[in-house]
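Descriptive structure summary
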Amino acid sequence: MSPLLYVAQRGTAVILAVAVAVHLGTILYAVRGGLTAGEILGRTQGNLAFLVFYGIFVIAAAIHAPIGLRSILREWTRWRGRSLDGAMLGVAVILAILGLRAALAVYVA
Amino acid sequence: MTAGAPSTIVPRRGALHAARPRAGLAAALLHRLSGLALALFLPMHFIALGTALQGADRLESFLGLTHNGFVRTAEWGLVSALALHLVLGLRVLAIEWFATHERTALVVSACVAAGLAVGLLFLLGGS
Amino acid sequence: MNAPFPAPSPTESTVDAAPGAMLTVRIRRDGGFQAFTVARRPAQTVLDVVTEIQREQDPTLAYRFACRVGMCGSCAMMVNGRPRWTCRTRVAAVAEGDGLTLEPLRNLPVVKDLAVDMEPFFAKWTAAHGAFEPGAVPADDFAVVAPESPERRAVDAGIECINCGVCYAACDVVAWNPDYLGPAALNRAWTLVNDVRDRGQDARLAAVSGDAGCQSCHTHMSCTEHCPKALAPTFAIAGLKRATARAALRRFGARHFRRPA
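Residues numbered from 1 in each chain as written. Chains lettered and ligands numbered in written order. Predicted model: local features only at pLDDT ≥ 70, side-chain atom pairs only at ≥ 80, totals over all residues.

Before going further, it helps to spend a moment on the environment of F65 of chain C. All names here are of chain C. Inspection of the secondary structure puts F65 in the loop between α1 (46-57) and β3 (76-79). Note: C-alpha distance between F65 and N187 (122 residues apart in sequence) is 24 Å. Once residues lying within four places of it in the same chain are set aside, the contact partners of F65 are L47, S74, C75 and C87. (Helix = DSSP H or I, 4+ residues; strand = E, 2+ residues; numbered from the N terminus. Contact = placed C-beta atoms within 7 Å.)

Pasting the structure below:
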């Protein structure tokens, strides 16, 4: 990967480290005694802070994951070149769209 | 002392097949495989949460599908993978940006233990 | 510091075999393995074993050595799956049961039997700009380089490399990505990045970037573990990652946030 791609991956890694710590902490706290949709949505409905948090989380993951996948595919399969780069960009876009949709879903639900 | 004829004994080569698997390699493989699992899971997670757009009942019925042992195990695996990927990633950042020279086997073992501890916490909670 | 493979010192006791014991040696040749048997002797090294086989059993066996005292690195090969210097590897320390498996260094083309072609290794050394660049104009005066300066310490940590190829053979990323420059070339590049007299830094940082460059290192640390000189290429490569990242960010900032004149 290029130096800029490397910076993007390590930079989003730091963002994700914080976001994942918060997310894991929330999950472990929330899962005690079972998890219902009502409980999830009760926490996120109309909560702008959560929306912003998840928005940043989603974008960071949408950048971080495809760069990692690119390395795996380049090293463990024969796929490389522009088509691989294009596909990984596509993965980033799909993850961003699905993720932002999900963040909105639990905000407006 | 004799010379044998060429045989077809299967060769052992490389770090993967060396006498003892290396801690650094183990860390890298665990990091990579947990990352791969998370990348494959993430779209499904987003889609599942997206069902909330059609109302809380939709999400609830979806979650209802997930209250079985198989899914519970998969969830445990994913929580553990997330924690493991995070901790091993922190190790990489420490090596790359803070030049920490480590006792590799010790640090990697600690990382794996931390990841599994989080997974255990997950299992201990919940229905 | 990460130590190299623990090799028994002369005073340490190793599991020497009983007198008269024999050693089975499987050597990779012609796409398969050929088995030889030699007598075990006290303090026997793998180089002793290979030499005995070639001189007394099969003169067609090809292998390399030179100094035989751990200074030149010529004798490197795969011993039971790990790259080692055969002159510094005691049979008693590495024998598995009564056997040894010897193969040519991994990740390099085989010339014959246990001898590999080191050309790709040195080609990558050059590709990583592993040579000092004095620049077009000679400096006015000698450079003052304090031995305790951070740059000189970084150079000292990696300057003892003798290009033996053990780290290159140990590296999984080289095995997965044949273009990857490898730990030795990148380690040398790092020593030159820290050479305050060098005038070719921009080109060197570009040369060690990309899919063949330092960003492809995944910190398996096999290089640092196996280096017989106890060097740590992992940390040299980490230094290159930092240097190339900073340079890229500076260029990015200059290109997109340039203040209007």
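Moving on, there is more to tell.
Turning next to the confidence of the model for chain C. When the pLDDT values of chain C are averaged, the result is 90; 92% of them are 70 or greater. We note a pTM of 0.87 for the whole complex and an ipTM of 0.89 for its interfaces. (pLDDT = per-residue confidence, 0-100.)

Judged by nonpolar contacts, the single largest core of 66 residues is most densely connected at V25, V49, L100, L102, L186, A189 and L240 of chain C. When residues in this core are grouped by element, the largest group, seven residues, is from helix α7 (residues 183-193) of chain C. Looking at which domains feed residues into this core, each of domain 1 (22-116) and domain 2 (119-132 + 139-256) of chain C gives three or more. Those residues in contact with V25 of chain C that sit more than four places away from it in its chain are A35, F36, V38, V49, I53, L100 and L102 of chain C. Core analysis: the next-biggest nonpolar cluster, separate from the first, contains 37 residues, A61 and L95 of chain A together with L88 and V108 of chain B among them. (Core = buried A, V, L, I, M, F, W, Y, C linked by C-beta atoms within 7 Å. Buried ≥ 20, exposed ≤ 12 C-beta atoms within 10 Å, placed from the backbone. Domains from an automatic or database assignment.)

Okay, the environment of F121 of chain C next. All names here are of chain C. If you trace the backbone, F121 turns up in helix α3 (residues 119-127). On the basis of neighbour counts, which here come to 22 C-beta atoms within 10 Å, the residue F121 falls in the buried class. Separated by 44 residues in sequence, F121 and G165 have C-alpha atoms that sit 7.3 Å apart. If sequence neighbours within four positions are ignored, F121 has contacts with L108, G165 and Y168.

Further remarks concern the confidence of the model for chain B. Residue and element names in this part refer to chain B. Confidence along chain B averages 73 in pLDDT terms, with 63% of residues attaining 70 or more. Element-level pLDDT for chain B is lowest in strand β1 (residues 3-7), with a mean of 42, against a maximum mean of 90 in helix α1 (residues 23-50). Every residue in residues 1-20 scores below 50 in pLDDT, and together they form 44 contacts with partners more than four places removed in sequence or on other chains.

Residue-level contacts link 13 residues of chain C with nine residues of chain A. At seven residues, helix α10 (residues 233-256) of chain C tops the list of elements feeding residues into the side of chain C that touches chain A. A per-class count over the side of chain C that touches chain A returns six nonpolar, five polar and two charged. (Nonpolar A, V, L, I, M, F, W, Y, C, P; charged D, E, K, R; others polar.)

This brings us to the pairing of strand β4 (residues 82-85) of chain C. Taking every second residue as pointing to the same face, both faces of β4 of chain C are buried, with R82 and R84 of chain C on one and P83 and W85 of chain C on the other. Taking the residues that link successive antiparallel strands as the turn, the β3 of chain C-β4 of chain C hairpin has two residues, and the phi of N80 of chain C there is positive, at about 50 degrees. (Pairing = 2+ DSSP bridges.)

All names here are of chain C. Residues of β3 alternate between two faces, with A76 and M78 on one and M77 and V79 on the opposite face, all of them buried. Of the pairings in the sheet, the one linking β3 to β4 comprises four bridges and is antiparallel in character. Paired with M77 across the strands is R84, a residue of β4. Sheet topology places β3 next to strand β5 (residues 99-103); two bridges connect them, and they run antiparallel. By the bridge assignment for β5, V79 is matched with L102.

Another aspect to go through is the domain arrangement of chain C. Residues and elements named next belong to chain C. The assigned domain composition of chain C is domain 1 (22-116) and domain 2 (119-132 + 139-256). Relative placement of domain 1 and domain 2: their C-alpha centres are 30 Å apart. In this assembly, 13 residues from domain 1 lie in contact with 15 residues from domain 2. The set of elements that each furnish at least two residues to the side of domain 1 that touches domain 2 consists of β3 and β4. With four residues, β4 is the single largest residue contributor to the side of domain 1 that touches domain 2. By residue class, the composition of the side of domain 1 that touches domain 2 is seven nonpolar, two polar and four charged.

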